[in-house]
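# Working through the structure, step by step
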Amino acid sequence: MKIVILGGVAAGAKAAAKARRILPDAEINLYTDDTHISYSSCGLPYYIEGNFEDYRLLLVKSPEDFEKQNVHIHLQNRAVKILPLSKQVLIESLVTHEAFLVDYDRLIIAIGASPVIPPIKNVNLNNVFTLRKIEDGIAIRKKAESSKNAVIIGGGYIGIEMLEALVKQNLNVTLIEYAPTIMQNFDDDMSKLIQEQLNYIQEDRFTILTSEMATEFSGDNDGIKAVRTGTGKEIPTDFVVLCAGVRPNTAIAVDAGIEIGITGAIKVNERMETNIKDIYACGDCVEEKLIISNSKIWLPLGTNANKEGRAAAINACGGDEKFPGVLGSAVTRCLGFTMSMTGLSVKAANALGIETVFAKVTKDDKVGYMPDVNNITLKLVADKNSGKLLGCQAVGAGDADKRVNTVTSALLAGLTVNEFFHNDLTYAPPFSPTIDPLLNAAQILSEKFNSAV
Ligand SMILES: Cc1cc2nc3c(=O)[nH]c(=O)nc-3n(C[C@H](O)[C@H](O)[C@H](O)COP(=O)(O)OP(=O)(O)OC[C@H]3O[C@@H](n4cnc5c(N)ncnc54)[C@H](O)[C@@H]3O)c2cc1C
């Protein structure tokens, strides 16, 4: 059995390791255009921040580790064409520029996503970075350590993580977001709260500009010197990090006749099969099913990529494994402030035509006399007609994510708010108040739902 894997970060590396465990005698070759494999992109902001000195701590498994398991890793080798009829892939070496064909019995596509480069004049100036790969992290950290000012374009998860990283590197940071609020995945009231609270934490070290578009970079041969915005602001800077989102890498799949879904990412079934026999796809290049609404979504997250890589490998090796989909759970932190969510926000539910009821509470995360007590604001959302829980957003300096992680199980089980309200959560003063904020929210939501029906 010849298994060929394209891409080797989260999904591809996971698929390679799993395939080797299932089929000890299979010939497994992994081709990637990258210089590294099996690394934690998620850790890059924390490396840039200075939490640890050696970027190699981000590397999970080396090509040598794989080679010891008889998995052959081919770095800097790009797949340029898939030939499904002859079951071959055309690979081009980025070092020698030679092209050659490799045969497969099963092909696993795990070529991920790439940063969006927004249409800003002079966007190619030196010291304008994107953050995706190990080299990006090394370059940004090096520049940050010798700079005073930085601009971040985009206020989503990665932009917000870069804000923390660069503030901790003692830079004056300006974050520019064209939407009216940062962290657009959250409902607007929660996004506004996030922004207010971040400003409250450390206003003097950074500026967040919303409803503002970076339109032009200016500089010279040394690189960028300033960012101009649509409203005429001129922001001097030593470098820029573009965090304007990512898009799935699909070109070679499209070229091979592989079907693309409504989200623009590769369409796969629950077994991670594409529409072409013996070709599987996983990770940031594929779309997922959103379990709650049974609709399609593209959620390029490391946690999904790992699970999908595992499922793709099991099925490519002859097994029968299903990846049922995602809830849309995510978490991040900025300067001690946690932002976490799962399921549908009110905004997302309404966009799907679902009417909602919600409850929002701001409470202590522990008993008030504990020295490390902090606030969290929690928004619990349910379907107005059925009472079924739809999602939860929680933000604050306290333990927000553990409340969200409790709701994920309720969403998977399809619980209504009236059922969830009886949840027997743990209690002791260092961990929560006697009645957890989540149960407070559930109680209010339950009353709202019951009085509405
Ligand atoms: C800064 C940052 C922070 C993040 N933080 C989090 C987090 O906290 N939590 C979370 O869940 N997720 C996080 N993510 C997202 C997570 O890193 C990705 O979801 C994950 O890396 C996806 O893995 P993947 O293997 O599908 O794709 P990728 O990581 O994109 O890897 C694909 C690989 O394929 C290679 N490739 C592309 N085209 C070809 C080709 N034609 N031929 C050969 N090779 C090719 C690419 O060079 C790349 O090496 C973060 C991402 C970034 C950038």
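The shown structure was predicted, so the numbers you read here are calculated from the model rather than taken from an experiment.

Here we come to the overall build of the chain. Looking only at helices and strands, the chain has 12 helices and 25 strands in total. A compact globule built from 453 residues would reach a C-alpha radius of gyration of about 22 Å, and the chain, at 23 Å, matches this within 12%. Taking the principal axes of its C-alpha atoms as reference, the chain extends roughly 65 × 55 × 40 Å. A separation threshold of at least 6 residues defines the contact pool for the chain, and within that pool the share at least 24 residues apart is 62%. Carbon and sulfur atoms provide 51% of the accessible area of the chain, an area that totals close to 19800 Å².

Around the ligand, 31 residues are found, and the nearest of them are D33, D34, R132, K133 and D284. With respect to the ligand, the backbone of G302 contributes an N or O atom lying 2.9 Å from an oxygen atom. Protein contact buries 90% of the 1000 Å² of open area that the ligand shows by itself. Residues belonging to the shell around the ligand are distributed by class as follows: 15 nonpolar, 9 polar and 7 charged. For the shell around the ligand, the two domains that each supply at least three residues are domain 1 (2–41 + 59–113 + 247–316) and domain 2 (128–244).

Between the first and last C-alpha of helix 8 (residues 302–316) there are 21 Å, a value that for 15 residues agrees with the 21 Å anticipated at 1.5 Å per step. Three or more residues of helix 8 are buried, namely N304, A305, E308, G309, A311, A312, A313, I314, N315 and A316. Tucked into the core, helix 8 has its buried residues touching helix 1 (11–22), strand 7 (106–109), strand 18 (279–281) and strand 19 (288–290). Directly beyond the C-terminal end of helix 8, a positive phi value near 100 degrees is found at G318.

Attention now goes to the nonpolar core. Counting 58 residues, the largest nonpolar core has L6, I82, L107, I108, I109 and I266 as its most contacted members. Examining the composition of this core, we find that 6 residues originate from one element, helix 1, more than from any other. Residues in contact with I108, not counting those within four places in the same chain, are I3, V4, I5, L6, A15, Y280, C282, A312, A313 and A316.

What follows is about unusual backbone geometry. The phi dihedral of N127 falls on the positive side, at around 65 degrees, and the residue is not glycine. Mapped onto the elements, N127 comes out in the loop between strand 8 (113–115) and strand 9 (128–130).

Attention now moves to the environment of A214. Here A214 is to be found in strand 13 (residues 214–220). Judged by its relative accessible area of 8%, A214 falls in the buried class. Sequence-wise, A214 and P118 are 96 residues apart; in three dimensions their C-alpha atoms are separated by 9.1 Å. Ignoring sequence-local partners within four residues, the contact set of A214 consists of I120, I153, I176, V227, R228 and T229.

Now for the packing of helix 1 against helix 8. Two elements in contact, helix 1 and helix 8, have axes separated by 7 Å at closest approach and are oriented at 35 degrees. Regarding helix 1 and helix 8, the two cross each other, and that crossing is right-handed. From helix 1, A11, K14, A15, K18, A19 and I22 reach across to helix 8, where they touch A305, N306, G309, R310, A313 and I314. Class assignment for the residues of the contact of helix 1 with helix 8 results in 7 nonpolar, 2 polar and 3 charged.

For the rest of this paragraph, the subject is the pairing of strand 22 (residues 337–343). Within strand 22, 7 of the 7 residues are buried, which leaves it mostly tucked inside the rest of the structure. Here 5 bridges tie strand 21 (residues 330–334) to strand 22, and the two strands are oriented antiparallel to one another. Opposite C334, over in strand 22, you have F337 as the bridge partner. With antiparallel pairing between neighbouring strands as the criterion, strand 21 and strand 22 make up a hairpin whose turn holds 2 residues, including L335 at a positive phi of roughly 50 degrees. Strand direction decides the pairing type here: strand 22 and strand 25 (residues 389–396), joined by 6 bridges, are antiparallel.

This next bit is on the domain arrangement of the chain. Taken as a whole, the chain is organised into domain 1 (2–41 + 59–113 + 247–316), domain 2 (128–244) and domain 3 (337–452). Of the roughly 1200 Å² buried where domain 2 meets domain 3, counting both sides, 65% is carbon and sulfur surface. It is F186, D187 and M190 in domain 2 that bury the most area against domain 3; as a group they hold 45% of the surface buried on that side. Remark: the boundary between domain 2 and domain 3 carries 4 salt bridges. The shortest N-O distance in the salt bridge between D189 and K360 comes to 2.9 Å. Linking domain 2 with domain 3 are 10 residue pairs in polar contact (both at pLDDT 80 or more), by the criterion used here. Broken down by element, the residue count for the side of domain 2 that touches domain 3 peaks at 8 residues, all from helix 6 (residues 188–202). Its residues placed into classes, the side of domain 2 that touches domain 3 shows 8 nonpolar, 3 polar and 3 charged.

Scoring rules and cut-offs
Residues numbered from 1 in each chain as written. Predicted model: local features only at pLDDT ≥ 70, side-chain atom pairs only at ≥ 80, totals over all residues. Heavy atoms only, no water. Helix = DSSP H or I, 4+ residues; strand = E, 2+ residues; numbered from the N terminus. Rg over C-alpha atoms; globule rule 2.2 N^0.38 Å. Contact = heavy atoms within 4.5 Å. Areas by Shrake-Rupley, 256 points an atom, 1.4 Å probe, with all protein chains shown as cover. Near = heavy atom within 4 Å. Polar contact = N/O pair within 3.5 Å; in protein donor to acceptor, adjacent residues only side chain to side chain. Nonpolar A, V, L, I, M, F, W, Y, C, P; charged D, E, K, R; others polar. Domains from an automatic or database assignment. Expected span 1.5 Å × (residues − 1). Buried < 20%, exposed > 50% of the residue type's maximum accessible area, 1.4 Å probe, protein only. Core = buried A, V, L, I, M, F, W, Y, C linked by side-chain atoms within 4.5 Å. Axes fitted to C-alpha atoms, helices over the stretch in contact; angles between N-to-C directions. Left-handed = near helix turned anticlockwise from the far one by under 90°. Pairing = 2+ DSSP bridges. Buried area = accessible area lost by both parts, 1.4 Å probe. Salt bridge = Lys/Arg side-chain N within 4 Å of Asp/Glu carboxyl O.

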